[in-house]
Amino acid sequence: MALEYSDNMPHDEDDASDASSDVTELDANDFPDHFSEREGRLFHSHGSLPYPLPVDSPEQARLNNLHRILRDIVELHYLGPVAEVLCDVRGRQKRVLDLCTGTGSWPMDMARLFPGVKIYGLDIVPIATRRPERHVQFEIHDVTRRSRWNDGAMDFVHARSIDLAVTDYPKLLQEAARLLRPGGLFFSGEIGRYVDFAHGFSSDPAHQAPRAQRFFQVVNHSLQLRHLAPIADKIPSFIQLSRQFTVPTIQTFHIPIGDWHPNTVMRRIGKMYLNALKDFAESLKPMLRETGMTQHDIDNYVNGFIHDIEHVRGLVGVYHTAWARKL
Ligand SMILES: C[S@@+](CC[C@H](N)C(=O)[O-])C[C@H]1O[C@@H](n2cnc3c(N)ncnc32)[C@H](O)[C@@H]1O
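What comes next is a walk through the structure. Not measured: the values here are computed from a predicted model.

Moving on, we get to the site of the ligand. With respect to spatial proximity, 18 residues lie near the ligand, and among them Cys100, Asp123, Asp142, Val143 and Arg160 are the closest. A distance of 3.4 Å separates a nitrogen atom of the ligand from a polar backbone atom of Ile124. Counting atoms within 2 Å of the grid points, the majority share of the ligand lands in the largest cavity. Residues of the shell around the ligand, tallied by class, amount to 11 nonpolar, four polar and three charged.

Take a look at the structure:
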């Protein structure tokens, strides 16, 4: 049974394989069931799932900032033939599914762009707004499991920043393929868990930003213990190997870190991204402590990382995107 927590319109015929009357609205009293507190931060309480970050207000602010940063870097809320895939077809309700929706910023912005489309956002915690746009519905669902919709019910499946939620991406792709109608669109966007340099700067983070590089090595090692491999650049090959999609279209974007960029807009993005990375490092501290590291070591790694991203000019994050259509 899926849990819905939006305070919105009655359900339409949403092509669910279990009746939509089985979608139960989540009451505010149920919220403690979804959260647990550790070290003064709020986490999901689904014990077996590997997602390591908190889901509290500071983390929600980071997700909302990241949403704006990615929109500004891509200059749109989407890539690929989204307008064509979501165009009105008489007699057919178009549907979008956002996996690991977080605060739901993306579905809400997309709903304003595509008011005739029904948009569903899935997450294991109810942190999206309880008063969404009329055609947006947020539900509690673990995306590593089969979802309630019939085969081919979706026109667009959107998966952004889900690499810390999913240990078996090929399996997730099978479910996305099941949900999509032929010609439907799958999109993946993941920021690589490393730093790089913009063109024209040094090309060697190991020498020019050693503490930033070391921080990501330590973080990736801890994430590997949860079977969360760094997959940002591997998703296109997963898509191809699934044999369920067209050849993926790949695009990568550099996100400046800090205020070194000559372009005013990019400098503004760089300042925002610097803050988002500092928040990210803060949010990772509880996970690092769980691996047995001392507070002293954690502080050293985090402070070294922050020193490098504040002082080394030309550093970028890399946003890997790929989209493909269901065969
Ligand atoms: C980094 S946030 C990404 C949010 C959103 N996709 C975005 O781009 O703004 C990851 C989200 O995945 C959720 N999550 C983690 N494991 C999940 C799972 N197995 N099923 C559904 N959501 C999950 C977390 O609660 C968190 O809100």
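Alright, that's what it looks like, and here's the rest.
What follows covers the pairing of strand E9 (residues 180-191). In terms of burial, E9 is a largely internal element, 11 of the 12 residues being buried. Alignment of strand E8 (residues 154-160) against E9, held across six bridges, turns out to be parallel. The residue of E9 that forms the bridge with Val157 is Phe186.

Its place among the elements puts Thr321 in strand E12 (residues 315-325). Thr321 sits in the buried class, given a relative accessible area of 3%. Looking at Thr321, its side chain comes within polar contact range of the main-chain oxygen of Gln251, at 2.8 Å.

This part covers empty space enclosed by the protein. In the structure shown here, the tally under the stated rule is three cavities of 30 Å³ or more. The volume enclosed by the largest cavity comes to roughly 810 Å³. Lining the largest cavity are 49 residues, with Tyr51, Arg62, Leu63, Arg160 and Ser161 sitting closest to its centre. Contributions of two or more residues to the lining of the largest cavity are made by helix H1 (57-74), strand E5 (95-99), helix H3 (105-113), E9 and helix H8 (264-290). Element by element, the count of residues in the lining of the largest cavity is highest for H1, at six residues.

A word on the pattern of salt bridges. The full count for this structure, using the stated rule, is 23 salt bridges. A salt bridge links Arg268 to Asp72, with the nearest nitrogen and oxygen atoms 3.2 Å apart. In this pair, Arg268 is assigned in helix H8 and Asp72 in helix H1, connecting sequence segments 196 residues apart. The class for Arg268 is partly exposed, based on a relative accessible area of 41%.

Conventions adopted
- Residues numbered from 1 in each chain as written.
- Predicted model: local features only at pLDDT ≥ 70, side-chain atom pairs only at ≥ 80, totals over all residues.
- Heavy atoms only, no water.
- Near = heavy atom within 4 Å.
- Polar contact = N/O pair within 3.5 Å; in protein donor to acceptor, adjacent residues only side chain to side chain.
- 1 Å grid on protein atoms, 1.4 Å probe; cavity = no way out; pocket = protein on both sides within 12 Å on 5 of 7 lines; lining within 4 Å.
- Sits in = over half its atoms within 2 Å of the grid points.
- Nonpolar A, V, L, I, M, F, W, Y, C, P; charged D, E, K, R; others polar.
- Buried < 20%, exposed > 50% of the residue type's maximum accessible area, 1.4 Å probe, protein only.
- Helix = DSSP H or I, 4+ residues; strand = E, 2+ residues; numbered from the N terminus.
- Pairing = 2+ DSSP bridges.
- Points joined across faces, edges and corners; volume = space filled by probe spheres on them.
- Salt bridge = Lys/Arg side-chain N within 4 Å of Asp/Glu carboxyl O.

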